[in-house]
Every structure is written in C-alpha cells, then in structure tokens.
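A look at the structure
So the chains spell out like this:
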Amino acid sequence: MLRCSGMGSVFGTVFRVTTFGESHGPAVGCVIDGCPPRIALDVAEVQRELDRRRPGQSRIVTQRQEEDRVEILSGVQDGVTLGTSIALMVRNQDQKSSDYEEMRTKYRPSHADYTYQAKYGVRAWQGGGRASARETIGRVAAGAVAKKVLASVGAEVLAWVRTVADLEASVDPATVTAAAVEANIVRCPDAAVAERMIALIDEVRKAGDSVGGVVEVVARGVPVGLGDPVFDKLEADLGKALLSLPACKGLEVGSGFAGTRMRGSQHNDPFYNEAGRIRTRSNHSGGIQGGISNGEPILLRAAFKPTATILRDQDTVDESGAAVVLHPRGRHDPCVLPRAVPIVEAMVALVLCDHLLRQRAQCG
Ligand SMILES: Cc1cc2nc3c(=O)[nH]c(=O)nc-3n(C[C@H](O)[C@H](O)[C@H](O)COP(=O)(O)O)c2cc1C
C-alpha cells in the first residue's frame, strides 16, 4: 500500500513542519508538530525573520508590497510553546492576478508552469501557486521557532550572500556577525564587494534581466553527534532541505568541489585535544564526518540560478503546444539571493533542530 504523508509538503521527523498555501490564495503558513514545550517564543521574533524575507524591502528585490504579518494561531501561550502543534499564518495581500494573465496559458521558460500542468492537469497560474517563493514564508516562520530551540543549546545559524554572478565576497565564517550581514541590502558582509553586487543587480533589473549566485551558511555551536547513518546523514538531510528551495540548483559541504583538487594530505582535518574537547585544526569536512556533526562549524554553500521570470519577450509554447511569444509582466526578483539568505538559514535550522531532538530521543 502506498503510504503518503502530505505528498511533499511535510518536512522533518520529530520537529515536523507542514507548509500550506498558494501565492495568490488567501494565506500561507505552517503547522509545526513536535516542538518542545516551554521554549520562550515572542511573535516579534518570528516577524523579524519574515521581515528579512519580505518582498518590497529594497530596490533590488521584487516590488510586490506585502506586509507579511504573522499570526500565531495555536501552540503558544503567555510567550512560551505549549508542546502542542504550532500554527503560524500570513495572509496574502498584494496580489495582482492580472500580471499573470499572460502566463495563464503560456509556459514560462525554466519556471514550474509546464511541469505542474503536465503532472496535475491543472495549476494555480496566478503567481505560480506552490512554486512561488511565497511558500517559503511557512519555512521561515518554522525556522524562527527552530532557531529558538537551537539557541537553548547555544547553537546559531547565519547565512550571507557569497557571490552574485562572478562577484565573490571574502567572508570569515568563524567571525562573521548578523549585524554585518544586515548592514547592506544585498546581505553580503564584504562591504566593498556588496556595493558592486548592488550595482550589478540594479543594472540587470533595468535591463529586464536576472542574475544568480551563491549563499553561504554557517552553523556554530552545534553539538557533536547530530545526524543518523545511513540515509539520514546530516549532509544528506541538509542537502534535501536546501535543494527543496525554489531556484536552488546546487550544494557544497565544507571544501565542496574545490576539495577535489586537493591531496588527502592537504585535505584531512587533523584532530587535537583542546582542554578535553576534541577539535580539528582545519575544517574541510564542514563540521560533518560520517554524516554526523563533529562539533566544528557546519559550513555549506547553496547555488541559486538567475530568476526565471525576466521582463523580456521569450519564445515558448502554450497549453495546446503551439509556438508563442511570452511577454512577461509583473514584479519579480532580479536576483533571489538577498531574500534567499533568511530562507537558507531557516532550512538549516529546521534540519539541525530535528536532528537535535532525534539525538535526544535515541541517545539521551
Ligand atoms: C527568495 C526567492 C524569490 C524568488 N522570486 C522569484 C520571482 O520573482 N520570479 C520568478 O520567476 N522566480 C522566483 N523565484 C524562483 C522560482 O520560485 C523558481 O525558480 C520556480 O519555482 C521554479 O523552480 P526551480 O527553479 O527550482 O526549478 C524565487 C526564489 C526564491 C528563493
């Protein structure tokens, strides 16, 4: 018998998150099962994360004006989690279905229009439905709760924009701060490179085009022992989490692809004993060995493609298969990277929180 648990909208084993909602439906959000009780949670903490993801926050992101006000519907009382299911909801406000009239029957190249139609025989053509980045509101809201659970063991997750097109920042994952990431609108802590990234995104926006790039993320203070052999290795679950994000096309762990150009003698991370704590002198492993966290910072890089919807005419086909020209309209992100930063943090926090609770359940 086929057992289906939510058909792709449910994530996690103990800290279990379901997201719901379409881009142009009444609301989007999430339901979290398995959150520990008595975790302090203020709605402002969830709102702060959503504000970092919000459209319209600067000139280099989509100009759709959404307040994205979160409502806590259940599972929290007097500022603490109850241990029961937590429901978080954001009502959609600034929907212009007319912007999508052009995509009602024509398939946007490299978007999800054709594949959704081919799979279901129907699709929410206004705004991309579940394929829209609005779905990630539920993830960011749940991630804000996961971050609180992680903070209770001294762990934190921090992401930033490392590259936009071929512009690359130099950032030290050991010392980078949230304030440095939030210091500019592109969320790149290397101020000089950030300026050039902003200028490039401005330029492609004016040309009706788009660019991609890489978000880098570090998790510091993660306890040793998170991750389960063999299919639920920590990097496997982090990979699924990040590759499930819209427009994410690749992932590197630790030294990543650059590691393939090194010798074992250069790449191995030597162990040493730091006052009773086993540490490694280098961290090419990215904090994970054998699928289990080793206590060093977890370091990942997620690649995001250039936004599919560009404001230029494009050859495509319509639902009948006829060749047509698409004249896209609407308000789109010329580069998804600045808004992807809090979303990447959220997904990493969800995986680490789930594995923290799994580790407690099995090993105490
Ligand atoms: C933060 C963020 C914002 C996005 N904004 C847009 C957008 O404005 N227009 C668009 O076409 N795609 C946007 N995307 C990407 C699409 O949702 C995605 O490309 C689409 O669902 C197809 O999925 P795929 O690229 O993973 O194959 C965004 C993605 C993220 C992470």
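This text follows the structure it describes.
In what follows, the accompanying structure is described. (Residues numbered from 1 in each chain as written. Predicted model: local features only at pLDDT ≥ 70, side-chain atom pairs only at ≥ 80, totals over all residues. Heavy atoms only, no water.)

**Regarding the layout of surface pockets**
Inclusion rule: Cavities and pockets are defined on a 1 Å grid built over the protein atoms alone: a cavity is a set of grid points where a 1.4 Å probe fits but cannot escape, while a pocket is an open set with protein on both sides within 12 Å along at least five of seven lines, and lining residues are those with an atom within 4 Å of any such point. Grid points are joined across faces, edges and corners, and a volume is the space filled by probe spheres set on the points. Secondary structure elements are taken from DSSP: a helix is a run of H or I of four residues or more, a strand is a run of E of two residues or more, and numbering for both begins at the N terminus. For this classification, Asp, Glu, Lys and Arg are treated as charged, while Ala, Val, Leu, Ile, Met, Phe, Trp, Tyr, Cys and Pro are nonpolar and the rest, including Gly, are polar.
Each pocket or cavity is described by its volume, and for the second largest pocket that value is around 390 Å³. What lines the second largest pocket is a set of 20 residues, and nearest its centre among them are R48, E49, K147, V157 and E345. Among the secondary structure elements, those contributing two or more residues to the lining of the second largest pocket are α1 (43-53), α3 (136-151), β8 (156-164) and α4 (178-181). The greatest single-element share of the lining of the second largest pocket, amounting to five residues, is contributed by α3. Of the residues contributing to the lining of the second largest pocket, the split by class is nine nonpolar, one polar and 10 charged.

**Observations concerning the site of the ligand**
To keep it simple, the criterion reads: Think of it this way: one heavy atom of a residue within 4 Å of a molecule or strand is enough to make that residue near it. Distance and chemistry together define a polar contact, namely a pair of N or O atoms within 3.5 Å, with one atom able to donate a hydrogen and the other to accept it when in protein, and with adjacent residues in sequence counting only for side-chain atoms on both sides. Each accessible area is a Shrake-Rupley estimate made with a 1.4 Å probe; only the visible protein chains count as cover when residues are assessed.
Residues in contact with the ligand amount to 15 residues; listed here are only the nearest, A131, A247, K305, T309 and D333. At a separation of 3.2 Å, an oxygen atom of the ligand approaches a polar side-chain atom of H111. If the ligand stood free it would expose 630 Å²; the protein chains cover 88% of that surface. Each residue belonging to the shell around the ligand can be placed in one class, and the counts come to seven nonpolar, four polar and four charged.

**Considerations on the pairing of strand β2 (residues 16-20)**
What counts here: Per-residue accessibility, obtained with a 1.4 Å probe over protein chains only, is compared with the maximum for each type, and a residue is labelled buried under 20%, exposed over 50%, and partly exposed between these values. Two strands form a pair only when DSSP identifies at least two bridges running between them.
Alternating residues of β2 divide into V17 and T19, all buried, and R16, T18 and F20, none buried. By the bridge criterion, two bridges tie strand β1 (residues 10-11) to β2 in an arrangement that is antiparallel. Within β2, the position partnered with V10 by the bridge is T18. What sits between β1 and β2 in their antiparallel hairpin is a turn of four residues, with G12 showing a positive phi close to 100°.

**Some thoughts on the pattern of salt bridges**
Quick reminder of the rule: Only one rule defines a salt bridge in this text: a Lys or Arg side-chain nitrogen within 4 Å of an Asp or Glu carboxyl oxygen.
Following the criterion strictly, the structure yields 33 salt bridges and no others. A salt bridge links E345 to R52, with the shortest nitrogen-to-oxygen separation between them at 2.9 Å. Of the two residues, E345 sits in helix α8 (residues 337-363) while R52 sits in helix α1, which places them 293 residues apart along the sequence. Each member of the pair, E345 as well as R52, is classed as buried. Between R358 and D228 there is a salt bridge; the shortest N-O distance is 3.0 Å.

**Considering the sheet that holds strand β10 (residues 213-220)**
Inclusion rule: Any two residues whose heavy atoms approach within 4.5 Å are treated as being in contact. Every axis corresponds to a line fitted to the C-alpha atoms, with the helix fit spanning only the stretch in contact, and the corresponding angles, defined between N-to-C directions, vary from 0 to 180 degrees.
Here five strands make up an open sheet; going across it, the order is β9-β8-β10-β16-β11 and the pairing antiparallel. Of all strands in the sheet, those bounded by a partner on one side alone are β9 (167-168) and β11 (248-253). Note: β8 against β10, eight bridges, orientation antiparallel. Each bridged residue has a counterpart across the sheet, and for A159 the counterpart in β10 is V217. In this fold α8 packs onto β8, β10 and β16 (298-304), with an angle of close to 145° to the strand it touches most, β8.

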